[in-house]
Amino acid sequence: MKPGDQDILIVTDVQYDFLPGGALAVPQGGEVIDPINRLAKAFRHVVLTQDWHPKGHASFASNHPGRQPFEMIDLHYGPQVLWPDHCVQSTPGAEISRELDIPHAQLVIRKGYNQDIDSYSGFKEADRQTQTGLAGYLKERGFRRVFCAGLALDFCVAWTALDAAAAGFDTFLIEDASRAIDTNGSLVRAQNDLSAAGVNIIGSAQLEGA
Ligand code: VGL
Ligand code: ZN
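The rules behind each value
Residues numbered from 1 in each chain as written. Chains lettered and ligands numbered in written order. Predicted model: local features only at pLDDT ≥ 70, side-chain atom pairs only at ≥ 80, totals over all residues. Heavy atoms only, no water. Salt bridge = Lys/Arg side-chain N within 4 Å of Asp/Glu carboxyl O. Helix = DSSP H or I, 4+ residues; strand = E, 2+ residues; numbered from the N terminus. Buried < 20%, exposed > 50% of the residue type's maximum accessible area, 1.4 Å probe, protein only. Near = heavy atom within 4 Å. Polar contact = N/O pair within 3.5 Å; in protein donor to acceptor, adjacent residues only side chain to side chain. Areas by Shrake-Rupley, 256 points an atom, 1.4 Å probe, with all protein chains shown as cover. Nonpolar A, V, L, I, M, F, W, Y, C, P; charged D, E, K, R; others polar.

Novice: Which residues make up the pattern of salt bridges, and what are the values?
Specialist: Scanning all chains against the criterion turns up nine salt bridges. Here Asp-5 ties to Arg-44 by a salt bridge, and the two come within 3.0 Å at their closest N and O atoms. In this pair, Asp-5 is assigned in the segment before β1 (7–12) and Arg-44 in the loop between α1 (33–42) and β2 (46–51), connecting sequence segments 39 residues apart. Looking at Arg-44, the relative accessible area reads 57%, which means it is exposed. Salt bridges sharing partners connect three or more residues here, namely Asp-13, Asp-51 and Lys-111.

Listed below in structure tokens is the structure:
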């Protein structure tokens, strides 16, 4: 496949808190940077997402007395994994890695900024109602195919890909340019959901120029 003008690469959450030493470090998370930099050169069109929570966000275990990170809780919109505090607005951990070499990225979509709603997906928040506006942006610009990579494969990359497919885009997840958290079966669940939704799992070698 050769990326063209109707194709967009969405690079998800390559932020210090998800990288080695970060508050919610994804195992081998740093290994996505080289493949993503290579991929990005093959795409004329790239957007980035940035997890961007207010202090005391509803998804933080620290906000729920007696609860621990990686436990489940019920929030007003349904079940929610509790996380260590991460990607707090304007903190160093929320910064996008300076090792990403994508000067031509066209948009950074911030998500998870509503105090009471998490947002794994770059398209729709965890209440499954609130839109970020990304689908409208991509449609208005005439994109047809969406290619997803980044952190974490089983949360923000998977949910972004699932919502891209649901919004009608032909959707691809680039496996070697993504890494998973894999907590309580989340990776297998994500893989099942992705295949049920018709998301194509590919390797970056299948993309010409990457
Ligand atoms: C993410 C958990 C919480 C992600 C973000 O980027 O996959 N995971 N917030
Ligand atoms: Zn988050």
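Novice: Provide a residue-level description of the site of ligand 1, including the pertinent values.
Specialist: The full set of residues close to ligand 1 is Asp-13, Phe-18, Leu-24, Asp-51, Trp-83, His-86, Tyr-120, Leu-151, Ala-152, Phe-155, Cys-156 and Ile-181. A distance of 3.0 Å separates a nitrogen atom of ligand 1 from a polar atom in the side chain of Asp-51. Here an oxygen atom of ligand 1 and a backbone polar atom of Leu-151 are 3.3 Å apart. Out of a free accessible area of 250 Å², ligand 1 has 100% covered by protein chains. Counted by class, the shell around ligand 1 contains nine nonpolar, one polar and two charged residues.

So, to be careful, I would describe these as geometric facts and stop short of saying anything about function.
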